[in-house]
Amino acid sequence: METYTLEFYDLLSRALGGSDPARLQGYIDEVMPNKYNSLQLDGFELDPDMQLDFTYEQLQGEVGLNVMATYVDLDSPAKPVSREPVQLTTGKIPRMKMVEYFNEDKLRKQYILEQRFGATSSRVVDAALNNLFVTIDTLIGGHTNSLTYQRHQVVSRGKFELTDTNNPNGLVNQTFAAHVPSSNITSLTGTKRWWTDSTYDTEGTQANPIKDLKDWIKAAKRKTGVSMHLEVDSDFFDTILGHSKVLAAIGASLFPAADKDVQSSAAGVQGDDVKRAAFERIVGVPVKVIDSVVSVERWDNDAKTLSRKSFRAFDDNVLVLVPDGTIGTVKTVEPIAIGGGDYATYYGGRLLLTVGADYVKKCQSFNTEMTSLVVPSVPQHFYYFHPYSA
C-alpha cells in the first residue's frame, strides 16, 4: 500500500505551485473575471453593504419622479417631503451551495501524467491549471446562473419560488414574492386572447395585439411618469412576431405603399432585428429580449443516474413593462471563513470558496456558498400582460 501526504491530493499545489489563500485568491482575481458566464442582473444592483444576519426587508421606493411643491399662504410652513420607504415584507435570505470534487479518478490521471513527463513539466502544470479552472468555473458559473434565474423569475413572474423543478435536491415550497399589485396584471380572455390554445397555434378571432399593447403601455406610463421598456422571453417574442396581426402591422410600417397581402408576406421574411425595430416603433417602447437557459441535476431512479433538465429562466406568455434604470438590489449575507484553511471569494466577497480534503474518499473538495436574494424595490411599477389564459 502506498501512503501519500496531503500534498499528493492537492490540486492547488500542482496548478499554482503552492497551497494557500493568497495564491488561490490571486488566481481567481486574475482569471475568472474573463470567464464567459457573467451576471445578467439588469436593473438590480449588488447591495454595497453585506449583512451579518439572514433577515431582509423589502422596501418600496420610487423611480425618480419628484413630487411638486405645495402652495401655501405666506406664514404657513411647508410639509416635509417623505423620505421613508414603505416596508412590504421581511424574510430570510436563502443560502445556495455547490461542491466539486477532485476525486481519485482525476487524481490518478494527473499522477500518470506526472510519471510520464515529470511533476514540473509544462504539460503537467497546464493539465492541473485546466482542472482547476474547470472546477472553479463550474462553481462560480452555477451561482451566477442561480442569481440570473432569480432575477428573471422575479421580473417575469413577480416572484421567485423554490420548487422540486428548479431545486430538486434542496429546499422546496418557499416563495419570495415581489408584491406586485394585482391591478398591474392584465390577462386576456375569450376570443380577445392572441391565441386560444396553449401551443399558440390558433389565433383569437377578436385578437388585436398592437392595440392591446399600445393601450396597456399608455395607461402604465401615465401612472408611473417615467421611461419604461418591455421584457420578454426570446422564444415567446418570436411567437409574437409571427402573429398575423403583428406581421400585418410591421408590414404596414415597413412597406406603407404596398398592398396588405404584400405587406404581411414581406414582413415575414425580414430579419429578426428589422422586425424587432419596427415592433418597438409601433408600440412606443424598447424591447429587451431575454434569452437565458438554466439547468438542474436530479437523480433518475429508473436510469440510476444523474440527469440534467434545462428550462428557460424567463417565463413565456408574458410581456413585462418595467422602469428603466435601477429596479432593485441583490441583498447578501456576508460569508464567514475559518482561519487556517484554503479559501477565496468572488463577486466582491459575496461568494465564498473553501477547499478541503477528505481522507476517507481520498479527494479534495471545492465548496462554494452564497447567501443572496434579488429583491425588487419598485414592484408597484411592474406591469404584466398575459396574451393567453386557459
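The structure under discussion appears in the preceding block.
About the cut-offs
Residues numbered from 1 in each chain as written. Predicted model: local features only at pLDDT ≥ 70, side-chain atom pairs only at ≥ 80, totals over all residues. Heavy atoms only, no water. Helix = DSSP H or I, 4+ residues; strand = E, 2+ residues; numbered from the N terminus. Salt bridge = Lys/Arg side-chain N within 4 Å of Asp/Glu carboxyl O. Buried < 20%, exposed > 50% of the residue type's maximum accessible area, 1.4 Å probe, protein only. Contact = heavy atoms within 4.5 Å. Axes fitted to C-alpha atoms, helices over the stretch in contact; angles between N-to-C directions. Parallel < 35°, antiparallel > 145°, perpendicular 65-115°, else oblique. Nonpolar A, V, L, I, M, F, W, Y, C, P; charged D, E, K, R; others polar. Phe/Tyr/Trp six-rings, centres within 6.5 Å; stacked < 30°, edge-to-face > 60°. Pairing = 2+ DSSP bridges.

A. Local environment of unusual backbone geometry. The phi dihedral of His179 falls on the positive side, at around 65°, and the residue is not glycine. Structurally, His179 is set in the loop between strand E6 (174-177) and strand E7 (185-187). If you check the backbone angles, Tyr347 has positive phi at about 55° while not being a glycine. Considering the arrangement of structural elements, one finds Tyr347 in the loop between strand E14 (342-346) and strand E15 (351-358).

B. Focus on the pattern of salt bridges. Evaluation of the coordinates by the stated rule reveals 15 salt bridges. Glu231 serves as the salt-bridge partner of Arg151, at 2.8 Å between the closest nitrogen and oxygen. Taken together, the residues Arg151 in helix H4 (residues 122-157) and Glu231 in strand E8 (residues 228-233) connect sequence positions 80 residues apart. When its relative accessible area of 1% is taken as the criterion, Arg151 is described as buried. Within the structure, one salt-bridge network assembled from shared partners comprises Arg157, Lys159, Glu161 and Asp315.

C. Structural detail: helix H7 (residues 244-254). Among all positions of H7, only Val246, Leu247, Ala249, Ile250 and Gly251 are buried. Lining the buried residues of H7 we find helix H5 (209-224), helix H6 (234-241), helix H8 (260-268) and helix H9 (272-283).

D. Here's a closer look at the packing of H5 against H9. Packing of H5 against H9 leaves a shortest axis separation of 9 Å and a crossing angle of 55°. By the angle between their directions, the pair H5 and H9 is classed as oblique. Together, Ile210, Leu213, Lys214 and Ile217 of H5 and Phe279, Ile282 and Val283 of H9 make up the contact between the two elements. Across the contact of H5 with H9, the residue classes break down as six nonpolar, no polar and one charged.

E. The arrangement of the packing of aromatic side chains in detail. Inspection of every chain in the model, using the stated rule, returns 12 aromatic pairs. Summarising the aromatic geometry, the rings of Trp195 and Tyr200 are spaced 5.1 Å apart at their centres and angled 50° between planes, so their arrangement reads as tilted. As far as the burial class goes, Trp195 and Tyr200 line up, both buried. Measuring from centroid to centroid gives 6.2 Å for Tyr200 and Tyr388, while their planes differ by 80°, and the two rings are edge-to-face.

F. Highlighting the sheet that holds strand E13 (residues 328-332). Across the sheet, three strands lie side by side as E1-E13-E17; this open sheet has mixed pairing. If you trace the sheet from one side to the other, it starts and ends with strand E1 (44-46) and strand E17 (372-376), each paired once. Neighbouring strand axes in the sheet, compared pairwise and without regard to direction, differ in orientation by 30° on average. Judged from the three bridges that link them, E1 and E13 form a sheet pairing that is parallel. Paired with Glu45 across the two strands is Thr329, which belongs to E13.

G. Highlighting the packing of H7 against H9. Closest axis-to-axis distance for the H7/H9 pair is 9 Å, and the angle between their directions is 90°. Relative to H9, H7 is oriented roughly perpendicular. For the pair H7 and H9, the contacting residues are Val246, Leu247, Ala249, Ile250, Ser253 and Leu254 in the first and Val274, Lys275, Ala278, Phe279, Arg281 and Ile282 in the second. When its residues are assigned to classes, the contact of H7 with H9 shows nine nonpolar, one polar and two charged.

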